[in-house]
Amino acid sequence: MIVEKLKLTCDRLVSYQQLACSYNYTAIPLRGGDILIYCNLDVEKTFRLSGHYGEITAMTFGKRKSPVLLCSASADYIIVWNVDVCQSRVTQGSFASGTVIGSSLGEVVHLSFCFSDERVVACSGAAAYILSSQKQETIAALTGHLGPVTSAEFCPWHKHILVTTSEDRTFKLWDLHTETAFYQSFVLSASPLLSVFFMMKNNYMITGSTDGQVWCFSFSNQFSCQLVTKIDLHKSERRHQAGVAEKSSEVDISKPVLTMASVSSSNDNTNAEKRDESWLCVGSTDGLYLVNLATSELLTVLHFTDYPNLSIAMAGSWVFSDKCNNSILFLVSSLFTPCVSLLEFCLGDAERIQAGSRGFSVFPSSPPLLESPLIAELKKKEPHHLKKKGGTKEQPLVFHSKVKSSGYTSSPRMLLFSPKTTAQKSKSSMKTNKKGLLLKDYPEDIAAPTVLRVQLNITNKPIFCLQYSGDGKQILCGLGDNSVLLYKSSLTGNPAVYTGHDKPVTSVSWSLSRQCWLSASHDQTLRLWTHDIPEPAVIMGKNMFAKHIKAAQFYYLDKFLLLASGDSLHLYLYHVDVTHDDIKRYQQRSFVQLSSCFATSSGADITDLSAINDFFSYIVLACASDRSIQVFDMNKGEVVAELPDVHSRAVHCITQNKGSMFSTQTPESYNLFLTSAVTDGVKMWDLRTLRCVRRYENHLNRCHSCSSAISPCGRFIACGSEDKCVYVYDIRSSSYLHKLQRDSETVLSVAFNPATPQLLTGTLDGKISLFDTRSGHRLSRIT
């Protein structure tokens, strides 16, 4: 994937010097203060620039394509050259000269143009000097670092903002209007910071250190920096090469972040949605690292030693050019020899590696197979009648299922019939309940729910799980005191209490019809409940499962009960009989029947599962204790894919983007799902590629099983956190949008209302909170 286009032998060692490279030109310093410029399209065309008396220590090309400017610095002068004009003069045989913009600034180690090429920043000692590119004028001298300044860059979206990094292991953001620093970072590392880079697409500021650490900060319009992610190149490379046998002679070397550049994963300029702008190229001493900032994962590593035809084995300095034709050029100097190489990296090769996985979809592409477990039907129990041997047997005195009261205790009727003569015709239910109904369509352009409306202290035990009914009118709360509460969505009135479990309830699930629901507990039982009946219709007891039930839900449009116990998925058919018989009231009429059982491919216990019940889907996702994700195809009845080592710890929560009956999303959005693990944040995956597409790790999750949820519109993600807050993310960005107010304890469970923009949270100490949007008049008042 790396091709050497040009090899140059220098007359001196240029290992630690800033070189200059654009897509059209390459500039290297020569002994005596001269500059040799090569045309990349035709390496035979070269010309020399003279003007410095001392040795050149730093060079850089301008950001604009025309005119092409080159800035060079030595101990005596800082000169700006118009490359096209200089080439024309040299071709004509005349002397090419530049414009001196600075003098006697000391040893300059870094140069950078602003995006309009009107200003140049020069780093020398512990100061950064802002110079004009047209004349010899020092606009500003920025001092304040405790160590030498190593790099500086202008912000592309705020032309009066500058960032500097230093050997004091901090970076500063400067306001060039006031010439003061308005933000200083904390000490990021034990090693000096070497480089800094702005990613304009996501408003990211990225910096790297000599020990291989990369920090990504979001830089908002309010001039505040928020840490998005941190990447360790050492650890990322170990995870990336976990399945590759390493050489016994391999020695760990330092991986300083010498320079960085942003690339997109597609050359399709017509469709912006297909381009992934979160790829970052990191140049280090041993090779090129391609990192996906959205997922904080290392995509690929290109070591120089893997390409024996290259003349570079260890790099001393890097410089990237602009991307063109789905490839990028970079100039690399050798660390130990006076050699410079111009290399080309083709992004298409990396894209093919990323596109090599075979994915799936939650939508069926074919009807069920003849031997599919999904076509199973329930065999109803037929009543067993004994054969009559003759003679009349004893018969009950009452032949009805209900016995009518004799009426002895009721008062006598004094008036048999009284017609209503003042009754008015009722209006249509649509008009009468127009203000009382929930929103007909979930608003797609409304802000995330962040305003606290209701907070209740319902118990002193943890709230392990929350779930709204499909119409958004009722809420199930699974509690640590072994009970389940059924609330109205407004949290008004007294809840219905359902008891019977012997241990904390860890999972609740509504049926699609909203007529019944499930509760699972650590007591190894599953109970199926119906409305207005305090006793469960079905109890699946301890003798049916060897281990406690991790998760349970309705599946395949309420046809099956799907649950996870141990290393197996159990698929049950069920029948619920809600008829009442006063005489046989203790006789169990509802029953379940095991349809199929599926084990994980690795034999590891399942920690959580997720499947779509709102429409027919063959896919069931299960997380295992070996840190893997198992993809089950229920049509085939087998594991069709396994994703190993998806997190550093076992996944405790998996959440699919299921939408709701009130919202409409693109079909591709339903293939997204979230996984949460302790100490490893939340990752979003795409079922079509079986790859992580984004990572969210601003919230705190170190020991408790904090859950996550996706809003019905598919725009927001809510995560519980151990810092007693709720974090709301934009699904397209790794930095959080809102940090909701602090609770009294860790937020364990979160749930979005499927019908209206509301967010429900539950804490470790039994408090439940309801958030909605600021436009509260659009919400329901009757639930």
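Above this text is the structure in question.
The present account deals with the structure reproduced in this document. (Residues numbered from 1 in each chain as written. Predicted model: local features only at pLDDT ≥ 70, side-chain atom pairs only at ≥ 80, totals over all residues. Heavy atoms only, no water.)

## Observations concerning the overall build of the protein
Right, on to step 1. Looking only at helices and strands, the protein has 4 helices and 56 strands in total.
Right, on to step 2. Across the 783 residues that make up the protein, the buried fraction comes to 53%.
Right, on to step 3. Across the protein, the fraction of contacts at a sequence separation of at least 24, relative to all contacts at a separation of at least 6, is 52%.
Right, on to step 4. When the accessible surface of the protein is split by element, carbon and sulfur atoms take 50% of a total near 37,100 Å². (Helix = DSSP H or I, 4+ residues; strand = E, 2+ residues; numbered from the N terminus. Buried < 20%, exposed > 50% of the residue type's maximum accessible area, 1.4 Å probe, protein only. Contact = heavy atoms within 4.5 Å. Areas by Shrake-Rupley, 256 points an atom, 1.4 Å probe, with all protein chains shown as cover.)

## Quick notes on the sheet that holds strand E30 (residues 463-468)
Right, on to step 1. On the basis of which strands lie adjacent, the open sheet formed by 4 strands has the order E30-E31-E32-E33 and antiparallel pairing. The open sheet terminates on both sides in strands that have one partner only, identified here as E30 and strand E33 (496-498). The average angle at which neighbouring strand axes cross in this sheet is 20°, direction not considered. (Pairing = 2+ DSSP bridges. Axes fitted to C-alpha atoms, helices over the stretch in contact; angles between N-to-C directions.)

## Some remarks on the environment of Tyr618
Right, on to step 1. Relative to the assigned elements, Tyr618 resides in the loop between strand E42 (606-611) and strand E43 (619-624).
Right, on to step 2. Taking the C-alpha atoms as reference, Tyr618 lies 6.7 Å from Val362; in sequence the two are 256 residues apart.
Right, on to step 3. With residues near it in sequence (within four places) discarded, Tyr618 still touches Val362, Pro364, Ser366, Pro367, Pro368, Leu374, Tyr555, Tyr556, Phe632, Asp633, Met634 and Asn635.

## Digging into a nonpolar patch on the surface
Right, on to step 1. A cluster of nonpolar side chains, contributed by Leu512, Leu557 and Phe616, occupies part of the molecular surface with about 230 Å² of accessible area.
Right, on to step 2. Relative to the elements of secondary structure, Phe616 occurs in the loop between E42 and E43.
Right, on to step 3. A relative accessible area of 42% places Phe616 in the partly exposed class. (Patch = residues over 30% accessible without salt bridge, like charges linked within 9 Å, V, L, I, M, F, W, Y side chains within 5 Å. Salt bridge = Lys/Arg side-chain N within 4 Å of Asp/Glu carboxyl O.)

## Here's the deal with the nonpolar core
Right, on to step 1. Counting 22 residues, the largest nonpolar core has Leu288, Phe304, Trp318, Phe320, Phe330, Val332 and Phe345 as the members making the most contacts within it.
Right, on to step 2. Beyond its immediate chain neighbours, meaning those up to four positions away, Val332 contacts Phe304, Ile312, Ala315, Ser317, Trp318, Cys339, Val340, Ser341 and Leu343. (Core = buried A, V, L, I, M, F, W, Y, C linked by side-chain atoms within 4.5 Å.)

## Remarks on the sheet that holds strand E44 (residues 629-633)
Right, on to step 1. An order of E42-E43-E44-E45 is seen for the 4 strands of this open sheet, with the pairing classed as antiparallel. Both edges of this open sheet fall to E42 and strand E45 (638-643), since each of them pairs with a single strand only. Averaged over neighbouring strand pairs, the angle between their axes works out to 25° when direction is ignored.
Right, on to step 2. Taken together, the 5 bridges between E44 and E45 define a ladder with antiparallel strand orientation. The partner of Asp633 across the bridge, within E45, is Glu638.

## Points about the environment of Ile768
Right, on to step 1. Residue position: Ile768 is located in strand E56 (residues 767-772).
Right, on to step 2. Between the alpha carbons of Ile768 and Ile458 there is a distance of 7.1 Å; along the sequence they are 310 residues apart.

## Observations regarding the pairing of strand E3 (residues 25-29)
A regular strand carries its side chains on alternate faces of the sheet.
Right, on to step 1. Taking burial as the measure, the 5 residues of E3 include 5 buried ones, the bulk of the element.
Right, on to step 2. Of the two faces of E3, the one carrying Tyr25, Ala27 and Pro29 and the one carrying Thr26 and Ile28 are both buried.
Right, on to step 3. Bridging between strand E2 (residues 20-21) and E3 involves 2 bridges; their strand directions are antiparallel. Across the sheet, residue Cys21 finds its bridge partner in E3, namely Thr26.
Right, on to step 4. Connecting E2 to the antiparallel partner E3 that follows it, the hairpin turn spans 3 residues.
Right, on to step 5. Both E3 and strand E4 (residues 35-39) contribute to a ladder of 5 bridges, which runs antiparallel. Across the sheet, Ile28 pairs through a bridge with Leu36, a residue of E4.
Right, on to step 6. A loop of 5 residues connects E3 with E4, the two strands running antiparallel in sequence, and Gly32 in this loop sits at a positive phi of about 100°.

## Quick notes on the packing of aromatic side chains
Right, on to step 1. Throughout the structure, instances matching the rule amount to 22 aromatic pairs.
Right, on to step 2. Plain terms: the ring middles of Trp517 and Trp529 are 5.5 Å apart, the flat faces sit at 15° to each other, and that makes the pair stacked. Of the two residues, Trp517 sits in strand E35 (residues 516-521) while Trp529 sits in strand E36 (residues 526-530), which places them 12 residues apart along the sequence.
Right, on to step 3. Here the aromatic residues Phe304, Trp318, Phe320 and Phe330 are joined through ring pairs into a cluster of three or more.
Right, on to step 4. Cation over ring: Lys63 sits above Phe115, and NZ or CZ is 5.5 Å from the ring centre. (Phe/Tyr/Trp six-rings, centres within 6.5 Å; stacked < 30°, edge-to-face > 60°. Lys NZ or Arg CZ within 6 Å of the ring centre and 35° of its normal.)

## What about the pattern of salt bridges?
Right, on to step 1. Enumeration according to the criterion identifies 16 salt bridges in this entry.
Right, on to step 2. A salt bridge links Asp286 to Lys255; the shortest N-O distance between them is 2.9 Å. Highlighted residues: Asp286 in the loop between strand E23 (279-283) and strand E24 (287-292) and Lys255 in the loop between helix H2 (233-240) and strand E22 (259-263), separated in sequence by 31 residues.
Right, on to step 3. Judged by its relative accessible area of 8%, Asp286 falls in the buried class.
Right, on to step 4. For the salt bridge of Asp772 with Arg453, the shortest nitrogen-to-oxygen distance reads 2.5 Å. Highlighted residues: Asp772 in strand E56 and Arg453 in strand E29 (residues 451-457), separated in sequence by 319 residues.
Right, on to step 5. The exposure class assigned to Asp772 is buried, which follows from its relative accessible area of 7%.

## Some words on the pairing of strand E27 (residues 327-334)
Right, on to step 1. Of all 8 residues making up E27, 8 are buried, and the element is well covered by its neighbours.
Right, on to step 2. What you see with E27 is no split at all: Ser327, Leu329, Leu331 and Ser333 on one side and Ile328, Phe330, Val332 and Ser334 on the other are buried throughout.
Right, on to step 3. Across 5 bridges, the pairing between strand E26 (residues 315-320) and E27 is antiparallel. Counted as the bridge partner of Trp318 is Val332 from E27.
Right, on to step 4. Bridging between E27 and strand E28 (residues 339-346) involves 7 bridges; their strand directions are antiparallel. Residue pairing in the sheet places Leu329 in a bridge with Glu344 of E28.
Right, on to step 5. Between E27 and E28, which pair antiparallel one after the other, the connecting turn spans 4 residues.

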